[in-house]
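Breakdown of the fold
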Amino acid sequence: MELIGRMMDGSFDYDRGGRLEPVSGGPGARQEDKIERLREVPLFEECSTKQLRSLAKITDVFDVPAGALIARAGEPGDEFFLISDGSARVDVSPDQHVLLGPGKFFGEMSLLDGGPRSATVVANTPVRLFVIRRRNFSVLLNDVPGLIHTLLVTLSRRVRQAEERAERLAAGATRT
Ligand code: CMP
C-alpha cells in the first residue's frame, strides 16, 4: 500500500513529536482553507471559485516528512499528487533523479494507463501534498481548464527524457 493509504488507515508510523502533523488537511480540513490553498496553485489559476470548490471536495492535503517513500516503482498506484510546498525526488533510475518542487505533479501515469508506478518517489524535504484519488481523477480532468493539455506536455517531456536516457545507455554499452 502506498504512503497516503497507510496514512489514511493509521498504519504509517509518524514522529508525532516532530514538526509535521501527519495529516494537516485531511478529510477534516476546512473547505474554505483548502480552496484558498488550491487558488494559489498555478495549475488551477484558470479555475473559477465554483470549480475550486468542487476540487476542494475531492482533494486531501497531507504533510509528509522528509525521506518518506510516497510511491514505489512497480507497485500499483491509485493517487495523483500535486506539490504544494517542499520537494519530492523522482528516482527514474539508479543514476537519474528528478526534483519536483511546488506546483509540480506526479503519479499521473498510473492513473492514466492503469499500469504500475514507473518510478519511485521520495519526499526530498518535508512536503505538503494535494492528493486526488483515482475515482476522482476524471472530476479533476473535467474541472481544471487546460489540465489535459498540461498533462500531455508533461508526459511528452518525460517520454523524451526517457528516450534520451535510453540512447545514452545504448551508446555507453556499444563503447564498452
Ligand atoms: P507514476 O508512474 O504514476 O508514478 C511515478 C511518477 O513519477 C510518474 O507517474 C510520473 O509522475 C513521475 N515520473 C516518471 N518519470 C519521470 C521523469 N522522467 N521526470 C519527472 N517525473 C517522472
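Preceding block: the structure.
Residues numbered from 1 in each chain as written. Predicted model: local features only at pLDDT ≥ 70, side-chain atom pairs only at ≥ 80, totals over all residues. Heavy atoms only, no water.

1. Concerning the side chain of Arg117
So the rule is basically this: Comment: elements are numbered from the N terminus, with helices defined as DSSP H or I runs of at least four residues and strands as E runs of at least two. Using a 1.4 Å probe on the protein chains alone, a residue whose accessible area is under 20% of its type maximum counts as buried, one over 50% counts as exposed, and one in between counts as partly exposed. Distance and chemistry together define a polar contact, namely a pair of N or O atoms within 3.5 Å, with one atom able to donate a hydrogen and the other to accept it when in protein, and with adjacent residues in sequence counting only for side-chain atoms on both sides.
Here Arg117 shows up in the loop between α4 (108–113) and β7 (120–123). Here Arg117 falls in the buried class, since its relative accessible area comes to 6%. A polar contact of 2.8 Å, which involves the side chain of Arg117, links it to the backbone oxygen of Glu79.

2. Re the packing of helix α2 (residues 31–39) against helix α3 (residues 49–58)
Formally: Axis lines are fitted through C-alpha atoms, for helices just across the contact stretch, and the angle between N-to-C directions can take any value from 0 to 180 degrees. Roughly parallel means an angle under 35 degrees; roughly antiparallel, over 145; roughly perpendicular, 65 to 115; everything else is oblique. By convention, the crossing between two helices is left-handed when the near helix turns anticlockwise from the far helix through less than a right angle, and right-handed when the turn is clockwise. Note on contacts: a residue pair is in contact if any heavy atoms of the two residues lie within 4.5 Å. In the scheme used here, Gly and all other residues not listed as nonpolar or charged are polar, with Ala, Val, Leu, Ile, Met, Phe, Trp, Tyr, Cys and Pro taken as nonpolar and Asp, Glu, Lys and Arg as charged.
Contact pair α2 / α3: the axes reach a minimum separation of 9 Å and the direction vectors enclose 115°. In terms of their interaxial angle, α2 and α3 are classed as roughly perpendicular. In this structure, the crossing between α2 and α3 has a hand that is right-handed. Seen from α2, the contacting residues are Gln31, Glu32, Lys34, Ile35, Leu38 and Arg39; seen from α3, they are Thr49, Leu52, Arg53, Leu55, Ala56 and Lys57. A class-by-class count of the residues in the contact of α2 with α3 yields 5 nonpolar, 2 polar and 5 charged.

3. Focus on the packing of aromatic side chains
Describing an aromatic ring pair means giving the distance of the ring centres and the angle of the ring planes. Keep this limit in mind: Centres within 6.5 Å make a pair out of two Phe, Tyr or Trp rings, where for Trp the six-membered ring is used; the pair is then stacked when the planes are under 30 degrees apart, edge-to-face when over 60, and tilted otherwise.
Inspection of the entire model under this criterion finds 3 aromatic pairs. Where Phe80 meets Phe137, the ring centres are 5.4 Å apart and the plane angle is 40°; that geometry is what we call tilted. One end of the pair, Phe80, is in strand β3 (residues 79–85); the other, Phe137, is in helix α5 (residues 134–143), and 57 residues separate them in sequence. Here Phe80 matches Phe137 in class, with each residue buried. With centroids separated by 4.8 Å and ring planes inclined at 15°, the aromatic side chains of Phe81 and Phe106 adopt a geometry described as stacked. Of the two residues, Phe81 is situated in strand β3 and Phe106 in strand β6 (residues 105–106); the sequence distance between them amounts to 25 residues. Neither residue differs from the other here; Phe81 and Phe106 are each classed as buried.

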